[in-house]
Each structure stands twice: as structure tokens, then as C-alpha cells.
Amino acid sequence: MTNEGIAVIKVRDVLMVVIPPEPDDETVSNLQNQILRAIEKNEASGLVLDISTVEVLDSYFARMVSETTKMVALMGARTVIAGMRPSVAIATIELGLTLGNTLTALSVDRAFDILHNASNGMKPR
Amino acid sequence: MIEKQDHEIPIRLESDIITVRKQVRTVATDLGFGLTDVTRIVTSASELARNIMSYAGAGVMRWFAIESEHRTGIELTFADNGPGIIDIEAASEPGYSSNGGLGMGLPGTKRLMDEMEIQSEVGEGTTVIIKKWLKK
Ligand SMILES: Nc1ncnc2c1ncn2[C@@H]1O[C@H](COP(=O)(O)OP(=O)(O)OP(=O)(O)O)[C@@H](O)[C@H]1O
Ligand SMILES: [Mg+2]
């Protein structure tokens, strides 16, 4: 099984993770650990999950994303999911999945805006 | 209905789910489905392959290019010799799960596809057949 080695990039106090197009289950479950440890180590206040290259979001992956978001929230940081493709959004909703109350953004840029505004005490737009 | 071709992929390991997805994406794209339908079909395949892994341990996926008088489509069969489903109707309802899942796999797949048929015998196994037709 290949672990596609997901990079966790730190930008100021925000961590950014680019999810590969076809992550296998092992990659997905490693990712959760990797993210939580990186948040602790870097005392990050926010996490951006860039899913712009992801072509399929099945229930396993969706569950991982919403669980990770909740764990990150418990640790005191915010998650924004960025860049979901239109076709993926359609299939995800028709399948009946929700990502809970997860914040979402059209792009990574917008995701950083949301986190920045939130940390300045402004309402996310 | 004329079946033009059929092929089979084993589902034994979690990594086979990725193989299934890639294969289904290629076949559906080659048949002429657009990106949104391809994503619907691949998402459905991923759910059914995962059910085989979770509940039966192993099985196969078969794919067919199907044709009726006026239209072309794709048919995918997911078959296993696992424990079977006791109450197919209940299992097809959103929220029903025997392992603490969301219970969205079967009802969601039904929404994403044009047709879905479940054949299951307790102690014998389960076969789920899904179809999507190309909109002309
Ligand atoms: N191939 C199978 N063999 C035996 N039982 C199955 C099979 N596929 C589905 N089932 C039964 O049907 C139920 C509903 O399946 P469905 O995919 O809708 O939900 P789930 O797998 O429990 O949760 P989710 O897919 O949302 O993670 C399962 O919990 C299981 O009891
Ligand atoms: Mg399922």
C-alpha cells in the first residue's frame, strides 16, 4: 500500500494540508494523526484542508474529515475545507453526506481570509 | 439488452477499493459520461466496494457496457459470498447500519445511480447491481 506522503505546510500560525487526488485508507488514517500532532507542535490556531485535487469523496473519507475537524476543534483550532470541486460537491450531497458544521471556502486564499478574520475577532464571512 | 463486454476485479484488500475507483472512472469516461456522472458512478462504486470489504471481507466487481434500443449505459455488479443481508429493505433506508456507520452507502448509491438492485441470501452472499444511462 502506498503512502502518498502528505505534506503539512506551516504558514504563520496556520497549517495547510494538501490532500492527494486518490488517498488510500492508510494515507487517510495517518493524516488524522499527522495533523493533530502538527497542530500541537506548532501551536497552530487554524487548519486549511485543501481538497481541490480530490476527485471522489466517499463516506469513509467524509467521516475522517468531519472527525478530524472535531478533534482539531477540541484542541482549540479551526478547520476550513477549501476548494471542493463542483462534481464532488454534487455527488457528496446526493450521497447524503454532510461535513457537519465545518467551515468551507472556495479556495485556499479565501480559507486564509476566513481564519485571519476569525482570529481578529471578526465574523467569518 | 446486449452486453458488449464484461470484466472483473477482485476486492480483497483496502487498496483494491482504489483500483475499483480508477477502473470505473476509466470505463465510465470511455463510455462518454460527463464529469458529474463519472463522479456519481465512482462514488457509488467506492461505497459498494467498501461494503464488501467491511461486511463480507472479499468479493468482486464486474463491469459491463450495456445497450438498449435507444441508449448506452454502464452496469456494475458487486458480488460477495459473505453473510448476506437479513432485511434488505431496512438496509436500504438511510441511517441503518450494523457497524456504527452512517448508513448512507446503499440509500446514497440508489440516489446517485439510475437503477439499483440488491439480491441477498443470508449465509450465501450479496449481489448489488447498479446502472447508469447516458443522457443523449
Ligand atoms: N455486502 C454486504 N454484505 C452484508 N451486509 C451488507 C453488505 N452491504 C451492506 N450490508 C448491510 O447493510 C447495511 C447498510 O449499508 P450502508 O452501506 O448503507 O451503510 P453502512 O455501511 O453501515 O454505513 P456507511 O456506508 O454510511 O459508512 C450495513 O450496515 C450492513 O449491515
Ligand atoms: Mg457502507
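Just so you know, these numbers come straight off a predicted model, no measurement behind them. All residue numbers here refer to positions counted from 1 along the written sequence of the relevant chain. Going through the entries in the order they are written, you letter the chains from A and number the ligands from 1. Only residues with pLDDT of at least 70 are given local features in this predicted model, and only at 80 or more are side-chain atom pairs given and counted; all residues enter the totals for whole chains, interfaces and linings. Heavy atoms from the whole structure form the basis of all side-chain values; hydrogens and water molecules are not counted.

### Let's talk about the overall build of chain A
Counted only if it meets this: Helix and strand labels come from DSSP, where a helix needs a run of H or I of at least four residues and a strand needs a run of E of at least two; each type is numbered from the N terminus. The buried label applies to any residue whose accessible area, calculated with a 1.4 Å probe on protein chains only, is under 20% of its type's maximum; exposed applies above 50%, and partly exposed to all values in between. The criterion used for residue contact is that any of the two residues' heavy atoms lie within 4.5 Å. His residues and chain termini do not enter the charge count, which takes Lys and Arg as positive and Asp and Glu as negative. The atoms used to mark charge sites are NZ of Lys, CZ of Arg, CG of Asp and CD of Glu.
Per the secondary structure count, chain A includes four helices and five strands. In sequence order, chain A lays out its α and β elements as β-β-α-β-α-β-α-β-α. Taken along its principal axes, the extent of the C-alpha atoms in chain A is 35 × 30 × 25 Å. Residues counted as buried form 47% of the 125 residues belonging to chain A. Across chain A, contacts joining residues at least 24 apart in sequence account for 71% of those joining residues at least 6 apart. Charge separation in chain A, taken as the distance between the mean sites of 11 positive and 15 negative side-chain charges, equals 10 Å.

### Describing the interface of chain B and chain A
To keep it simple, the criterion reads: The term buried area refers to how much accessible surface (probe radius 1.4 Å) is lost by two components on association, counted for both of them together. Any carboxyl oxygen of Asp or Glu within 4 Å of a side-chain nitrogen of Lys or Arg constitutes a salt bridge here. Definition of a polar contact: a pair of N or O atoms within 3.5 Å, with one able to donate and the other able to accept a hydrogen when the atoms are protein atoms, and with sequence-neighbouring residues admitted only if both atoms are side-chain atoms. Gly is put with the polar residues, along with every residue not named as nonpolar or charged; the nonpolar set is Ala, Val, Leu, Ile, Met, Phe, Trp, Tyr, Cys and Pro, and the charged set is Asp, Glu, Lys and Arg.
Between chain B and chain A, the residue contacts involve 23 residues of the former and 20 residues of the latter. Buried surface at the junction of chain B and chain A, both sides included, amounts to about 2000 Å², of which 55% is carbon and sulfur. Between A:Asp25 and B:Arg50 there is a salt bridge; the shortest N-O distance is 2.8 Å. Where chain B packs against chain A, one counts nine residue pairs in polar contact (both at pLDDT 80 or more). The element best represented in the side of chain B that touches chain A is helix α2 (residues 35-56) of chain B, accounting for nine residues. A breakdown of the residues in the side of chain B that touches chain A according to their chemical character gives six nonpolar, nine polar and eight charged.

### A few points about the site of ligand 1
Convention followed: Put simply, a residue is near a molecule or strand once any heavy atom of it comes within 4 Å of that molecule or strand. Values of accessible area rely on a 1.4 Å probe in the Shrake-Rupley scheme; residue burial ignores everything except the protein chains shown.
Around ligand 1, 21 residues are found, and the nearest of them are B:Asn51, B:Tyr55, B:Ser97, B:Ser98 and B:Leu106. Of the chains in the model, those with residues near ligand 1 are chains A and B. Contact distances for ligand 1 include 2.6 Å between an oxygen atom and a side-chain N or O atom of B:Ser98. Backbone polar atom of B:Gly105 to an oxygen atom of ligand 1: 3.3 Å apart, as the coordinates give it. Relative to its unbound accessible surface of 600 Å², ligand 1 loses 94% to contact with the protein. Only α2 (59-74) of chain A together with α2 and α4 (105-112) of chain B provide two or more residues apiece to the shell around ligand 1.

### Description of the sheet that holds strand β3 (residues 46-50) of chain A
Residues and elements named next belong to chain A. Definition in use: Strand pairing requires that DSSP identify at least two bridges connecting the strands. Note on geometry: axes are C-alpha line fits, over the in-contact stretch for helices, and angles between N-to-C directions span 0 to 180 degrees.
The five strands lie next to each other as β1-β2-β3-β4-β5, forming an open sheet whose pairing is mixed. In this open sheet, the two strands that pair with only one neighbour each are β1 (8-11) and β5 (103-105). Strand-to-strand twist of the sheet, defined as the mean angle between neighbouring strand axes without regard to direction, takes the value 25°. Lying over the sheet, helix α1 (residues 25-42) contacts β1, β2 (14-18) and β3, oriented at roughly 160° with respect to β2.

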